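# Coordinate inspection notes
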Amino acid sequence: GAGVSQSPSNKVTEKGKDVELRCDPISGHTALYWYRQSLGQGLEFLIYFQGNSAPDKSGLPSDRFSAERTGGSVSTLTIQRTQQEDSAVYLCASSREQSNYGYTFGSGTRLTVV
Amino acid sequence: QKEVEQDPGPLSVPEGAIVSLNCTYSNSAFQYFMWYRQYSRKGPELLMYTYSSGNKEDGRFTAQVDKSSKYISLFIRDSQPSDSATYLCATYHNAGKSTFGDGTTLTVKP
């Protein structure tokens, strides 16, 4: 596609529910990244995929967070048993290979846990 | 200590002013540096990237890296109201990960 597409754009969920966030990267981009941005904060790295494998999962905050990527394309970030501190904007980005030259970001999913 | 520290702002300037946005970083091994612009309720948009020390110019924007002092700057000339946004500096690590500053919010008043 023309850009990185994320869905849903907004999600309100009740504490304790599971949520799935989807990212569709730019066609041909082999690298995919998930970041989290809390109100007024910078971007917090969550996970990086090269193809379908995840060489770096070091940023996932807890075992309630998981992510997968299938077919070297679409990725899903799953948060189980959501907590209020999970409320944030979840941003997905993609690039050709490992990019020293920056990423293309989607518009994000704004998650609110009530 | 954060790996990348950024002047928090907010910064408010009149239209036409020269804007200077700054970051410092702690790891001397960093080689690649980026500036992103983020409008409200949008994802960050890559503005410029630089490698090692030196300057890079693109239109009204100039990125500067001084590795001896671990200092990164972005200059905006002839600032416009459309430049009003949050600006994020970032460094690139090995294996795909970038570290971002917390952002500086800029308002350019007509």
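Our subject in this report is the structure included herewith. (Residues numbered from 1 in each chain as written. Chains lettered and ligands numbered in written order. Predicted model: local features only at pLDDT ≥ 70, side-chain atom pairs only at ≥ 80, totals over all residues. Heavy atoms only, no water.)

For the structure shown, the criterion picks out two disulfides over all chains. Two residues share a disulfide in this structure: Cys23 of chain A and Cys92 of chain A, whose sulfurs sit 1.9 Å from each other. The disulfide joining Cys23 of chain A to Cys92 of chain A has a torsion of about -70 degrees about its S-S bond and is therefore left-handed. In this pair, Cys23 of chain A is assigned in strand β3 (residues 19-24) and Cys92 of chain A in strand β9 (residues 88-95), connecting sequence segments 69 residues apart. There is a disulfide in this structure between Cys23 of chain B and Cys89 of chain B, and the S-S distance comes to 1.9 Å. Measuring the twist about the S-S bond at about -100 degrees, one finds the Cys23 of chain B-Cys89 of chain B disulfide to be left-handed. Of this pair, Cys23 of chain B sits in strand β3 (residues 19-25) while Cys89 of chain B sits in strand β9 (residues 85-92); the two residues are 66 residues apart in sequence, bridging distant segments of the chain. Under the relative-accessibility criterion, Cys23 of chain B is labelled buried at 2%. (Disulfide = S-S within 2.5 Å. Helix = DSSP H or I, 4+ residues; strand = E, 2+ residues; numbered from the N terminus. Buried < 20%, exposed > 50% of the residue type's maximum accessible area, 1.4 Å probe, protein only.)

Every contact between the two is made by 19 residues of chain B and, on the other side, 22 residues of chain A. Of the roughly 1,800 Å² buried where chain B meets chain A, counting both sides, 52% is carbon and sulfur surface. When the buried surface of chain B facing chain A is broken down by residue, Arg41, Tyr92 and Phe100 of chain B rank first, second and third, together holding 25% of it. Counting the contacts that link chain B with chain A gives zero salt bridges. Counting the contacts that link chain B with chain A gives five residue pairs in polar contact (both at pLDDT 80 or more). Elements that contribute at least two residues to the side of chain B that touches chain A include exactly β4 (32-38), β5 (45-51), β9 and β10 (98-100) of chain B. By residue number, the principal contributor to the side of chain B that touches chain A is β4 of chain B, which donates four residues. (Contact = heavy atoms within 4.5 Å. Buried area = accessible area lost by both parts, 1.4 Å probe. Salt bridge = Lys/Arg side-chain N within 4 Å of Asp/Glu carboxyl O. Polar contact = N/O pair within 3.5 Å; in protein donor to acceptor, adjacent residues only side chain to side chain.)

All names here are of chain A. Spatially, four strands are ordered β1-β3-β8-β7 in an open sheet, and the strand pairing comes out antiparallel. A single partner strand is all that each edge strand has here, and the edge strands are β1 (5-7) and β7 (65-69). If you compare each strand with its neighbour and ignore which way they point, the axes differ by 15 degrees on average. (Pairing = 2+ DSSP bridges. Axes fitted to C-alpha atoms, helices over the stretch in contact; angles between N-to-C directions.)

All names here are of chain A. Burial along β3 is one-sided: Val19, Leu21 and Cys23 are buried, and none of Glu20, Arg22 and Asp24, which face the opposite way, are. Judged from the three bridges that link them, β1 and β3 form a sheet pairing that is antiparallel. Note that in β3 the partner of Gln6 across the bridge is Cys23. Bridge analysis of β3 against strand β8 (residues 75-79) gives five bridges, and the strand direction is antiparallel. Counterpart to Leu21 in the pairing with β8 is Leu77.

It is worth spelling out the sheet that holds strand β7 (residues 61-66) of chain B at this point. Two pairing modes exist for strands in a sheet, parallel and antiparallel, and in both the strands are linked by backbone hydrogen bonds. Residues and elements named next belong to chain B. Read across the sheet, five strands follow the order β1-β3-β8-β7-β6 without closing on themselves; strand pairing throughout is antiparallel. Every other strand in the sheet has two partners, leaving β1 (4-6) and β6 (54-58) as the edge strands with one partner each. Mean inter-strand twist for the sheet, computed between neighbouring axes without regard to direction, equals 15 degrees. Pairing geometry for β7 and strand β8 (residues 71-76), over six bridges, is antiparallel.

Functional significance is not addressed by these values, which are geometric in nature.
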